[in-house]
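What follows is the residue order along each chain.
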Amino acid sequence: MIVLGVESSCDETGLALYDTQRGLLSHALHSQVAMHEEYGGVVPELASRDHIRRAIPLLEQALNKAGMPASAIDAIAYTQGPGLAGALLVGSAIACSLGMALDKPVLGVHHLEGHLLSPLLASEPPEFPFVALLVSGGHTQLMRVDGVGQYELLGETLDDAAGEAFDKSAKLLGLGYPGGPAISRMADFGDPEAYKLPRPMLHSKDLMFSFSGLKTAVLTVVNNNGGAANVCEQDKANIARGFVDAIVDVLTAKCLSALKQTGLKRLVIAGGVGANAQLRASLNAAAKKKHFKVYYPELEFCTDNGAMIAFAGAMRLQINPQAAQRDYSFNVRPRWPLDELRVI
């Protein structure tokens, strides 16, 4: 079965083809980062318009890479939510229109389920069950994953997610957009002893997160130094190092607690923050010491992409081939809790 995946939840347009027999056939991606950079964040209307421009050329690119016509597609999976309403509508309109034109069934996929299952695209995928740390955009969650659609929420953020804290703290330091990669790179040149920032909820004895206080601590340090414009580059690096060390310590500790609580020995990291080098180094060191195994998506699949949507759709269709339908009405869910998902 060949599944076309369409991703358009925010500021990346991704299309991909996944074959349940041969694996990932091709994927094509366009990032809108350069367009949104001058605004300091994603502008929803601009994002939606750009998805319209990019989707069909990316579809043609994916088909050409796979060396097949559109008629070879068996089903189409698209991101139904969560995400920006206008951006989701573009992807669903394209998927449903293609489905109608090709007489192929379509299936709405949960964006976070795509991230959650993306490590299974790696050359050495994890087996079920596992604990997953999902750190994508506005989401920081720990899940127990027993199979496709079998998710138990263990803990989540009470306010700012890790990705939001990265972006907001980077903005406080005047590092621009996107802030996460910038503050992570700058942290490499910082002194870990210069600023000891708080580790929110590190000792809370549960699996919940809170990062708004850490962002406020960065703001306080910056203001005490006269504002970002008056902070020298080395001190910005020191603050960045203090911030990154704090957030990595919390994420690592909570992952270890989740493994202990569940008794599992496999940890999966999914979502954009999963590409963070400091987080990977910390978790790899913990895995070696505590004797568990940690899995990551390929770096190209950490951020939003069509491959993870095609794969998630294919996994659900293998469980229930009737999950995809020929109902081509647009139906998106900008707010859609992951724990509402069930095996179809």
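For the structure itself, look to the data block above.
What this report covers is the structure whose coordinates are included nearby. Please read all numbers here as calculations on a predicted model, not as lab measurements.

Rules behind the numbers
- Starting from 1, residues in each chain are numbered consecutively following that chain's sequence as written.
- The model is predicted, so local features are restricted to residues of pLDDT at least 70 and side-chain atom pairs to those at 80 or more, both for listing and for counting; the totals for chains, interfaces and linings are taken over all residues.
- Here the side-chain values reflect all heavy atoms present in the structure, with hydrogen atoms and water set aside.
- When DSSP finds at least two bridges between two strands, those strands are taken to pair.
- Put simply, DSSP marks the helices as runs of H or I at least four residues long and the strands as runs of E at least two long, and each gets a number from the N terminus on.
- The axes are straight lines fitted to the C-alpha atoms, using for helices just the contacting stretch, and the angles between their N-to-C directions are given from 0 to 180°.
- Any Lys or Arg side-chain nitrogen found within 4 Å of a carboxyl oxygen on Asp or Glu counts as a salt bridge.
- Only protein chains enter the accessibility calculation, which uses a 1.4 Å probe. A residue is then buried if its area is under 20% of the maximum for its type, exposed if over 50%, and partly exposed in between.
- Angular relationships are summarised with four words: roughly parallel below 35 degrees, roughly antiparallel beyond 145, roughly perpendicular across 65 to 115, and oblique for the angles in between.
- Take the far helix as your reference; a near helix turned counterclockwise from it by less than a right angle gives a left-handed crossing, and one turned clockwise gives a right-handed crossing.
- Residue contacts are counted whenever heavy atoms from the two residues lie within 4.5 Å of one another.
- Residue polarity follows a fixed list, in which Ala, Val, Leu, Ile, Met, Phe, Trp, Tyr, Cys and Pro are nonpolar, Asp, Glu, Lys and Arg are charged, and the others, Gly among them, are polar.

**Details of the sheet that holds strand S6 (residues 130–136)**
Strand order across the open sheet formed by 5 strands is S8-S7-S6-S9-S10, with mixed pairing between neighbours. Of all strands in the sheet, those with a lone pairing partner are strand S8 (150–156) and strand S10 (293–295), marking the two edges. Within this sheet the neighbouring strands show an average axis-to-axis angle of 25 degrees, counted without direction. One ladder, built from 6 bridges, connects strand S7 (residues 139–147) with S8; its direction is antiparallel. In the strand pairing of S8, Leu-142 is matched with Gly-155.

**Concerning the pattern of salt bridges**
Applying the stated rule across the entire model yields 16 salt bridges. With its nearest N and O atoms 2.9 Å apart, the salt bridge here joins Arg-316 to Glu-113. Taken together, the residues span a long stretch of sequence, with Arg-316 in helix H10 (residues 306–319) and Glu-113 in helix H4 (residues 111–117) at a distance of 203 residues. Under the relative-accessibility criterion, Arg-316 is labelled buried at 5%. Across the pair Asp-249 and Arg-199 runs a salt bridge, and its minimum N-O distance is 2.9 Å. Here Asp-249, found in helix H8 (residues 233–262), pairs with Arg-199, found in the loop between helix H6 (179–187) and helix H7 (212–224); they are 50 residues apart in sequence, far enough to count as distant. Each of Asp-50, Arg-53 and Arg-54 takes part in one network of salt bridges that share partners.

**Section: the packing of H7 against H8**
In the contact formed by H7 and H8, the axes pass within 11 Å of each other and the chain directions differ by 165 degrees. Classified by the interaxial angle, the pair formed by H7 and H8 is roughly antiparallel. When the axes of H7 and H8 are compared, the crossing they make is right-handed. Touching Leu-214, Val-218, Val-221 and Val-222 of H7 are Ile-239, Phe-243, Ala-246 and Ile-247, all from H8. Within the contact of H7 with H8, the residues separate by chemical class into 8 nonpolar, no polar and no charged.

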